[in-house]
Amino acid sequence: MTSDVLLTGWGRTAPTRSTVSFPSDADAVRKVLAGAASGRGVLARGLGRSYGDAAQNAGGDILDMTGLTGVHVLDIAGATVTVDAGLSLDTLLRHLVPLGLFVTVSPGTRYVTVGGAIACDIHGKNHHREGSFARSVLSFELLTPDGEIRTVTPEQDSEVFWATAGGMGLTGIVLRATLQLLRIETAMVGVDTERATDLDDVMARMDARDDDYRYSVAWIDLLATGAAMGRSVLTRGDHLPLSGLSEGKRATALDYAPKTRVTAPAFVPPGLLNRLTVQAFNELWFRKAPAHQVGRPESLAAFFHPLDMVTGWNRIYGRAGFLQYQFVVPFGQEEAMRRIVGELVEHQCPSFLAVLKRFGAGNGLLSFPVPGWTLALDIPAAMSGLGPLLSRLDERVVEAGGRVYLAKDSRLSPPMLSRMYPELDRWREIRERLDPQRRLTSDLARRLQLI
Ligand SMILES: Cc1cc2nc3c(=O)[nH]c(=O)nc-3n(C[C@H](O)[C@H](O)[C@H](O)COP(=O)(O)OP(=O)(O)OC[C@H]3O[C@@H](n4cnc5c(N)ncnc54)[C@H](O)[C@@H]3O)c2cc1C
C-alpha cells in the first residue's frame, strides 16, 4: 500500500509531497529501495520528530518505518535489547522500565524511533557523562541500496557505523539495532533544582558540579534583560535508588504508565506566542522554580518528557509553524555564547523553550555533539527579522568553531555546512561507496548539497 502525502517536520514548515509506503518487513523495504524509479530517491522516516526537512523527500519515496516494531531479544541479565528500527522509545520504555531497565540516552520526547535516534545520533541530558545515542548501540542491521543487509558494529565496520550515526538516513535503512541499556531501581529521578541569576552564574554552576550528576539541563529565560540576562533554572539528577522511596512505595517502584494529559487545540489564533505572552510565562516559570531544592522525586515522564503530556503541542505556533535553532560552541568559547544569547535577548525572541546543556566527547563525521555548550531554542517561523538574525548567529557559531544540529535545521546553507562539519568530505566518501547511484536522498540532503 502507498499513499501520496504532504509531509513536514515537527516545526510544520515547508511541506512537501511524497509517495509513502508502509513496509512490514525487510523484503518490503528492499523492494521500495530497489524500485526507486522516480529519480527522486528514497528516504526512511520514523515519527517525524526532526524539526525541519530531514525526514522529507519531495517528489520521491518515503519508507514509513513505524510498522516495524518488533522486540526480538531482551537480555535482562546482560541489559541489552534487540529491536526493529521503527519501534518508538515510548513503546520500548513501557517494556523496559517495569523490568528495571532504561535507555542509556533519552531525548526530550519519547516519540522517536530507534532508527531516527541512530540516524540523528541524538543526545540527552547526560551527554557530558554518557555521550550520544550511538554510544549505546552495540550493533545494527543496515540495508544498503545494493540490497544487502550488513551487520554493523563500532568495532567490525567502524566507518559505516559512524557514517550512519548522524548520517541523516543517507547511508542505508536501519532495520534493527541492539542497544546497551541502563539498570534502574525505580521509575523516579531524584532532582536537585537551583535558580541562577544570569548566564555567567548558570555556566559557572554547571562547570563546577555537572560531573557530579548523570543528568543536567538549564532552562534559560531569553526575554530577561540587563543584569538578569540569561537567568535560568538548573535541574540535575540521577535515577532514584530503591532506598530513596518509603517502604510503602517500594512494591510499585517500577510502575510506569505515562499518560497524555491534554491535547493542543487544532486552531490557535495567530500570534498567540508573542513577546508579552512568553514574557509572562517565563516570569512565572522562573518564580515558581525553587531557589534551591535537593532530591525531589520526579517521575521519569515528568523529568525526561514533560512536553509529551500535551499531544500536538507543536500546533500552538499556528499555521506558520516554528523553527528550532540548536548550536554548540566548544568549551573556551563562553564569550561567543554570551554574545549569541545577548543578540537573542536584544531581538526579544519569544522563546519559552530555551535550554542549555554541556556536551562531552563527540563521535565525528556528521554527528552533532562536540565538547562544549549547546543551546536549543524554539522560535515562531513568522517572527520578523528571523532569517538575518539566524544567519548572523550561524557566523558567530562558526567563528567560535561550533556547529548547528541537522536534526533541527531547516535553513542552513551548503557553504556554512562545510565550515561547521570539517569531516563532511570524509563522510561523503563513505556514503558514496554505500550508495553510488544516490538512491537515498532527502529535502535536507538537496538543500545542503550533502550528497
Ligand atoms: C519535543 C522534542 C524534543 C527533542 N529533544 C531532543 C533532544 O533532547 N536531543 C536530540 O538529540 N534530539 C531531540 N529531538 C529531535 C529528535 O530526537 C530527532 O529528530 C529524532 O531523530 C527523531 O526521531 P524520528 O523517529 O521522529 O525520526 P524522523 O524525524 O522521522 O527522521 C529523522 C532522520 O532519521 C532518518 N531515519 C529515520 N528512521 C530511519 C531508519 N530506520 N533508517 C535510517 N534512517 C532513518 C530519517 O531519514 C531522517 O533523516 C527532539 C524532538 C522533539 C520534537
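Above this text you will find the structure in question.
No experiment lies behind these values; they were computed from the predicted model shown. (Residues numbered from 1 in each chain as written. Predicted model: local features only at pLDDT ≥ 70, side-chain atom pairs only at ≥ 80, totals over all residues. Heavy atoms only, no water.)

### Re the side chain of Asp-210
- Examined against the element boundaries, Asp-210 turns out to sit in the loop between α6 (199–209) and β12 (215–220).
- At 2.9 Å, the side chain of Asp-210 forms a polar contact with the side chain of Arg-236.
- Here Asp-210 is in contact with His-128, Arg-205, Ser-216, Arg-236 and Arg-358, once residues within four sequence places are set aside. (Helix = DSSP H or I, 4+ residues; strand = E, 2+ residues; numbered from the N terminus. Polar contact = N/O pair within 3.5 Å; in protein donor to acceptor, adjacent residues only side chain to side chain. Contact = heavy atoms within 4.5 Å.)

### Quick notes on a nonpolar patch on the surface
- Nonpolar side chains collect at one region of the surface, where Val-71, Leu-74, Ile-76 and Leu-99 lie side by side and expose about 270 Å² of accessible area between them.
- Relative to the helices and strands, Val-71 resides in strand β5 (residues 71–75).
- Overall, the relative accessible area of 31% leaves Val-71 in the partly exposed class. (Patch = residues over 30% accessible without salt bridge, like charges linked within 9 Å, V, L, I, M, F, W, Y side chains within 5 Å. Areas by Shrake-Rupley, 256 points an atom, 1.4 Å probe, with all protein chains shown as cover. Salt bridge = Lys/Arg side-chain N within 4 Å of Asp/Glu carboxyl O. Buried < 20%, exposed > 50% of the residue type's maximum accessible area, 1.4 Å probe, protein only.)

### Observations regarding the sheet that holds strand β4 (residues 61–64)
- A sheet is described by the order of its strands in space; here four strands give the open sequence β1-β2-β4-β3, paired in mixed fashion. The strands lining the two open edges of the sheet, one partner per strand, are β1 (2–7) and β3 (42–45). Adjacent strand axes in the sheet meet at a mean angle of 35 degrees when their direction is disregarded.
- Here β3 runs beside β4; their pairing, made up of four bridges, is parallel. Bridging across to β4, Val-42 finds its partner in Asp-61.
- Contacts between helix α1 (residues 26–34) and the sheet are confined to β2 (16–21), β3 and β4, with β4 contributing the most and set at about 170 degrees to the helix. (Pairing = 2+ DSSP bridges. Axes fitted to C-alpha atoms, helices over the stretch in contact; angles between N-to-C directions.)

### Concerning the site of the ligand
- As a structural note, the neighbourhood of the ligand is formed by 36 residues, with Ala-44, Ser-50, Thr-113, His-123 and Tyr-405 the closest of them.
- With the chains in place, 97% of the 960 Å² that the ligand exposes on its own is no longer accessible.
- Of all elements in the fold, only β3, α3 (114–119) and β10 (173–183) reach the threshold of two or more residues within the shell around the ligand.
- Class assignment for the residues of the shell around the ligand results in 21 nonpolar, eleven polar and four charged. (Near = heavy atom within 4 Å. Nonpolar A, V, L, I, M, F, W, Y, C, P; charged D, E, K, R; others polar.)

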